[in-house]
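Structural description and commentary
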Amino acid sequence: WYLPIFVLVIANEDSIEDAGIGYRDILQVRTGKSRYLRTKLVGSFNIIFLIVFLGLLLNMALAYICFRDGTYTQEEPNEVLIRDIEIITKAHPVAANLVYICIASFLAGLLAAAGTALAITVKDRKLVYGLTFILWFIPVIINHSVMYVIQPFIGVNYEHVVPTFLGVVISYLLIIGTAVFLEVRDDEL
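Residues numbered from 1 in each chain as written. Predicted model: local features only at pLDDT ≥ 70, side-chain atom pairs only at ≥ 80, totals over all residues. Heavy atoms only, no water.

With respect to the side chain of Thr 164
- Relative to the assigned elements, Thr 164 resides in helix 8 (residues 158–188).
- Judged by its relative accessible area of 9%, Thr 164 falls in the buried class.
- Those residues in contact with Thr 164 that sit more than four places away from it in its chain are His 144, Ser 145, Val 146 and Val 149. (Helix = DSSP H or I, 4+ residues; strand = E, 2+ residues; numbered from the N terminus. Buried < 20%, exposed > 50% of the residue type's maximum accessible area, 1.4 Å probe, protein only. Contact = heavy atoms within 4.5 Å.)

Laid out in structure tokens, this is it:
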């Protein structure tokens, strides 16, 4: 739920500060606008991806260590519906956890890159924070939530997970692409 706060403070605040003190202009003159944008976007994606990936990987390792002799709790006996994802995740739980960790890290990295793109384009802290929260909370509160995409061992089918994942990825990429286009276009005019 609080992912946008961490993303904004860790990966996006420097873009807002650079614009506020004028350091952004110096960097763009020295390196070029395209390289500046690429460095900021790739850097914010990578830092948040690594932080989320390592945090979730540590969490998984500690859970497997602490509960190594635990028993597996089956679903309710009257739950007879077997879903596509459950067939794979229950047969290979460690691999399923690793895949979900990569997916969650990827989405967090994309959110960071979208937030950075907004910070570079909008340059207003309050507006950037608000828009980045909206970018995260709308996919979280919709009927087929992005939470289904990043949480393993839940009872949903691919028909719910794949469209949500693709919708979030495409919307974040559109925001990043639009912001880059607007910044590069402003440079050419």
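A look at helix 3 (residues 33–66)
- Taking 1.5 Å per residue, 34 residues should reach 50 Å; helix 3 reaches 49 Å between its end C-alpha atoms and fits that length.
- Considered for burial, the residues of helix 3 that qualify are Lys 33, Tyr 36, Leu 37, Lys 40, Leu 41, Ser 44, Phe 45, Ile 48, Val 52, Phe 53 and Met 60. (Expected span 1.5 Å × (residues − 1).)

Looking at the packing of helix 3 against helix 5 (residues 93–122)
- Contact geometry for helix 3 and helix 5: axes closest at 7 Å, N-to-C directions at 150°. Looking at the two axes, helix 3 sits roughly antiparallel to helix 5. Of the two elements, helix 3 crosses helix 5, and the hand of that crossing is right-handed.
- Across the contact of helix 3 with helix 5, the residue classes tally to 25 nonpolar, five polar and one charged. (Axes fitted to C-alpha atoms, helices over the stretch in contact; angles between N-to-C directions. Parallel < 35°, antiparallel > 145°, perpendicular 65-115°, else oblique. Left-handed = near helix turned anticlockwise from the far one by under 90°. Nonpolar A, V, L, I, M, F, W, Y, C, P; charged D, E, K, R; others polar.)

Re the packing of aromatic side chains
- For the coordinates displayed, the defined rule picks out five aromatic pairs.
- Taking 5.9 Å as the distance between ring centres and 75° as the angle between the ring planes, the aromatic pair formed by Phe 45 and Phe 106 counts as edge-to-face. In this pair, Phe 45 is assigned in helix 3 and Phe 106 in helix 5, connecting sequence segments 61 residues apart.
- Assessed through its relative accessible area of 29%, Phe 106 is described here as partly exposed.
- Taken together, a centroid distance of 5.5 Å and an interplanar angle of 15° make the contact between Phe 133 and Phe 137 stacked. Note that Phe 133 and Phe 137 are positioned in helix 6 (residues 125–141) at a spacing of four residues, about one turn of the helix.
- Taking the relative accessible area as the measure of exposure, Phe 133 reaches 23% and is therefore partly exposed. (Phe/Tyr/Trp six-rings, centres within 6.5 Å; stacked < 30°, edge-to-face > 60°.)

Topic: the packing of helix 5 against helix 6
- Contact pair helix 5 / helix 6: the axes reach a minimum separation of 9 Å and the direction vectors enclose 150°. Taken together, the axes of helix 5 and helix 6 lie roughly antiparallel to each other. In the packing of helix 5 onto helix 6, the handedness of the crossing is right-handed. Every residue of helix 6 that contacts helix 5 at Leu 111, Ala 114, Gly 115, Leu 118, Ala 119 and Val 122 is listed here: Leu 127, Val 128, Leu 131, Thr 132, Leu 135 and Trp 136.

Looking at the environment of Val 169
- Its location among the elements puts Val 169 in helix 8.
- Judged by relative accessible area, Val 169 falls into the buried class, the value being 11%.
- Excluding residues that lie within four positions of it along the chain, Val 169 makes contacts with Phe 106, Leu 107 and Leu 110.

Quick notes on a nonpolar patch on the surface
- A cluster of nonpolar side chains, namely Leu 127, Leu 131, Ile 134, Ile 138, Ile 141 and Ile 142, defines an oily patch on the protein surface of about 530 Å² accessible area.
- In this structure, Leu 131 sits in helix 6.
- Among the residues examined, Leu 131 registers a relative accessible area of 31% and is labelled partly exposed. (Patch = residues over 30% accessible without salt bridge, like charges linked within 9 Å, V, L, I, M, F, W, Y side chains within 5 Å. Areas by Shrake-Rupley, 256 points an atom, 1.4 Å probe, with all protein chains shown as cover. Salt bridge = Lys/Arg side-chain N within 4 Å of Asp/Glu carboxyl O.)

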